[in-house]
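Residue-level structural notes
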Amino acid sequence: MEQIEKAVAFALDPSAESSLKAQAMSFCEQVKSAPDGWQLCLSLFVRSPKSTPEARIFTLQVLDDVLQNRIASLNASEILYIKNTLMDFVKREYVVGDGNDGECSSEPNYLKNKFAHTLTLLFVQIYTTSWREFFDELLGLLRSTNSGVGQINVRTVDIFLRILLSIDEEVASLVVPRGKEENNRNTEIKDTMRTGDVQKITPTLYDILIDYRRQGQDIVQMCLKIIGLYIAWIDVSLIVNEAYMNLIYQFLGDSRLRISACECLTEHTNSFHGNSDCIQRYETARKTESDSILKFDGYNGKTDDIDFVEQVAKLTNTLGTELCKIWDETEFSPEARNAAYVQIELLLPFLLKFLGDEYDETSSAVFSFLKKQKKKNGELSNSQREFLASLLNVIVLKMRYDDETDWGGTDDDEVEAEFLEMRKAVDEPLFTTYIHSAVINTLDNYQIRGNEVGWREFELALHLLYLYGESYQGQPSFLVKQNNKVVGLSPLGEMVQKMIESNISAYPHPSIPLSFFENVARYYQFFEIQSDHIPIVLQTFVDTRGLHHPSKQIRSRSWYLFHRFVRSLKPYMNGYAGTVLPLIQDLLVIQAEIPPAINAGETILSKDQAMSGSFSDQIYLFEVVGILITVDSIPPETQLKFTEEIINPLLAEIQLDLTIDLSDPKYLFSVLQLHHLMMAIASIGKGFPDASKSQAAAAPWIGIFKQATEAVLFVLKSLDRFEIIRDAARFSFARFVNVLGTEILPYIPPLINGLLNESQVSELVDFLPFIGLISHKFKPKIFDILNELILPLVNKVFLFLNQAPSGTDEVLLLMELRKAYLAFILGLFNYGMEATESMQSNGIGRHLPGFDRFMYEQILRVCFEVPMRDTFNLSDGQSILVLNEICLILKAMLAQQSSDFVDYLRGTWLPSIQCPPELAEEFSQALQQLDAKALRKYFQEFIRKLKS
């Protein structure tokens, strides 16, 4: 045993040499696995004088392992030996004592808990078979002497309660996941305990509460915790009776015990669960529980005992939620439901108080009860209307920033969610009247008192106005009509107008102008009917309250909101370009910022890194420029002038940055700057209208955007090794396609070639849909171009598909690539079919020039090459989807080409892939005779035969 003590000491000593430490740990493992190791450990644990706490903990761990995992290796006499040894230790340590450690055991609490757990493990193994007297023995020891309080042995009560806690954790706790066998065992244990032992335990717990309520705080708290746990699975009448409940309620008046008492009552209420006898239990409990909460009436939302208030809030929440279940369920009698509602109404004032508490933990504790306060069918009673109005007020005040909290220093999403939920509970007039009054009165106050009022009041009013739209059903209405005539503004219209006319955006706190901008962007429809307010809002945006605000946070958010506002109101932006563009031109200067995460010497920037920093928001300003330039009322020559003034400096800077020396340590900055310049020009193009096919070349800005396109291609050709350059090129062309129309077609081949050279799998997944979009937009002209480019594109795709993936991420990427590729080919086929049908309907001819060759040489080839790859798993779910798509393509080709297609399959294509003649004939017949569903099943088997 001394060796065990020394080994444990060395194993736990941080200063021990590593070799000794390893030997000690190895020895401990040998003791643990040895057949007689547990016997040595048990003897060491109960030895007197005691070993070190560390060694004794280890001995219990060894014993635990045997009881949990190797109990079958023990015979009856060995189990009896363990039981007798442990119980003898209980008597010596926790009943009699050695006379030297005082009135209570000197064992540290962690060792008491560990011993209780070990004894519990033995209990669960043999209680129902050979230790039915377990609780009788414990209870006998508990009352064995008069050396205690009342009839309870003071040495024994502590370990007795710890054992009960351990039994609940091991047998009844729902937190611990268990297997079926373990659950069956635990059910049997609980059933056995319920037949008699719990009837002995509960009065003992009552006696402990009585005896220790004045001088044993820790004992009473532990006892209350046990009662709260056990009530979930024992006969509740053993606890829910007048004597027991009155005693627990008395503890609510004791500052030392009231939190524990409250937790116990909460568990008691949680145990109702809508059982068939719950009505009777409510009759017993609800008066006392409701009364105990009502006695809390001195609470005014502020108290020093924060934890107790939170616990009472949880009790209120649990009781209220359970009462609401009865009130909501039609299975209960009308009398029971009405009685439940009476109790609910008694709790509602406390719901309001707790919800309005200054501490969020207390407020959130009653959210479940709050969510039950939903609007019922029919008219609201006066009391319900009064409660809902009060509740609305409490929630709104809860959204206000605390006086001690700075702006941006809190997260009130949960409270906002409850506010929006209230919108469903409160009828429209009540809700609208409250919000309208709060917003208008606050803005009136600003006009009277100005900056004397704290910012928190105005921020709350503007936030309420914003949330009102969030809760609005359907499109917001800003006008009131009678007999189809406008008679005035709606409450929402009045609030928006008041916000603008009050000049609240001038308040000197960053939260106010930002909230102003959030609202005008949300309620842009207001300006469609009150367009005379647009100049005021634009001026507010472009000055130091918005786009030029000294705070980067406000400035960046304003850029985005300005973009939303202008884009939504483009038809109403006539005449503002000449005023606005000069005022924001200083914001169109691009200054790349190397992300902090990039270390010195790194040469690669990801797409996400490239778009970090302020540029991700600045890019919205460039789109705004495009929108303002192309307003219909601006003459073409003026539009061209504005376009050149904005884009030419960006093109000039591209030329300057292209002189980059890749050996310069700062070259990465230049690459990022070029990326930003390309993205900025493209974003300007995004604001331009789509070019019609017939008028593309006539638009005044076509020439400047052709120059931009050529510049992008030149950058791509020079720096295609950089992913962010390839990404910016793809982004640019996606925007230029709409601006230039068919004028962009000559630039497509160099773009595709430039992107394919260095592209990675993830880029191809994004690039294929882009090519598909161009193909659809410019069919049938695109097919001659595609015939030249399809082979390098297909080769690039299969270069990746033929590679063995190195990990799960690559497997998923390749799967996405396969799907994107097939969707691309299917799209091309469909576009060709549409173009062919269009030509036939117009009497031009039967076939689209070049499409037949493209269909046979490219599309048909893909239909067989993809599933024939070694990496294509015919049993994989994604692969089956791919096969289904291929069958649709083959069926469509048959419908288009008829017998010509079948002849080509038999005579040319299938022989070229070494398909046996009889199998080729079988496939040809199946393609013609089977419907789509049957063909999918056949095609899977056909590919399997070809690959075998």
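Refer to the structure above for everything that follows.
The paragraphs below set out a description of the structure included in this document. Keep in mind the model is a prediction, meaning the values are calculated, not measured. (Residues numbered from 1 in each chain as written. Predicted model: local features only at pLDDT ≥ 70, side-chain atom pairs only at ≥ 80, totals over all residues. Heavy atoms only, no water.)

A closer look at the packing of helix α4 (residues 53-69) against helix α6 (residues 109-130)
Stated formally: Throughout, an axis means a line fitted to C-alpha atoms (over the contacting stretch in the case of helices), and angles, computed between N-to-C directions, take values from 0 to 180 degrees. Helix and strand assignments follow DSSP, with helices taken as H or I runs no shorter than four residues and strands as E runs no shorter than two, numbered in order from the N terminus. Each angle receives one of four descriptions, namely roughly parallel if under 35 degrees, roughly antiparallel if over 145, roughly perpendicular if within 65 to 115, and oblique otherwise. If you view the pair so one helix is near and one far, a crossing is left-handed when the near helix is turned anticlockwise from the far one by less than a right angle, and right-handed when it is turned clockwise. Should any heavy atoms of two residues lie within 4.5 Å, those residues are considered in contact. Put simply, Ala, Val, Leu, Ile, Met, Phe, Trp, Tyr, Cys and Pro go in the nonpolar bin, Asp, Glu, Lys and Arg in the charged bin, and everything else, Gly too, in the polar bin.
Where α4 meets α6, the closest approach of the two axes is 10 Å, and the angle between their N-to-C directions is 15°. Here α4 lies roughly parallel to α6, going by the angle between them. In the packing of α4 onto α6, the handedness of the crossing is left-handed. Each of P53, R56, I57, L60, Q61, L63, D64, L67 and Q68 in α4 lies in contact with α6, whose residues at this interface are Y110, L111, K114, F115, H117, T118, L121, L122 and Q125. Taken together, the residues of the contact of α4 with α6 break down into 10 nonpolar, five polar and three charged.

Considerations on helix α42 (residues 932-947)
The cut-off we apply is this: Any helix carries an expected span of 1.5 Å times its number of residues minus one. Think of it in three bands: residues with accessible area under 20% of the maximum for their type are buried, residues over 50% are exposed, and the middle band is partly exposed, with areas taken using a 1.4 Å probe on protein chains only.
Its 16 residues give α42 an end-to-end C-alpha distance of 22 Å, which sits within 8% of 22 Å, the value for a rise of 1.5 Å per residue. Among the residues making up α42, those that are buried are L935, Y938, F939, Q940, F942, I943 and L946.

Some points on the pattern of salt bridges
Under the convention used in this document: What makes a salt bridge here is a side-chain nitrogen of Lys or Arg within 4 Å of a carboxyl oxygen of Asp or Glu, nothing more.
Scanning all chains against the criterion turns up 34 salt bridges. Residues K200 and D136 are paired through a salt bridge, measuring 2.9 Å at the closest nitrogen-oxygen approach. Pair noted here: K200 is in helix α9 (residues 180-212) and D136 is in helix α7 (residues 134-142), with a separation of 64 residues, a long-range link. In this structure K200 comes out as partly exposed when scored by relative accessible area, which is 35%. Exposure remark for D136: the relative accessible area of 36% places this residue in the partly exposed category. Where D207 meets R143, a salt bridge forms, and the shortest distance between an N and an O atom there is 3.0 Å. In this pair, D207 is assigned in helix α9 and R143 in the loop between α7 and β1 (148-149), connecting sequence segments 64 residues apart. Classification of D207 by relative accessible area gives partly exposed; the value is 25%. Among the residues examined, R143 registers a relative accessible area of 31% and is labelled partly exposed. If you follow the salt bridges from partner to partner, you end up with K50, R56, E93 and E107 in one network.

Regarding the side chain of T156
Rule in force here: Here a polar contact is taken to be a pair of N or O atoms separated by no more than 3.5 Å, where protein atoms must pair a possible hydrogen donor with a possible acceptor and residues adjacent in sequence count only if both atoms sit in side chains.
Tracing the backbone through its elements, the reader meets T156 in helix α8 (residues 154-171). Of the polar contacts made by the side chain of T156, one reaches the backbone oxygen of Y94; its length is 2.7 Å. Look past the residues within four positions of T156 in its chain and what remains in contact with it is Y94, V95, L141 and L142.

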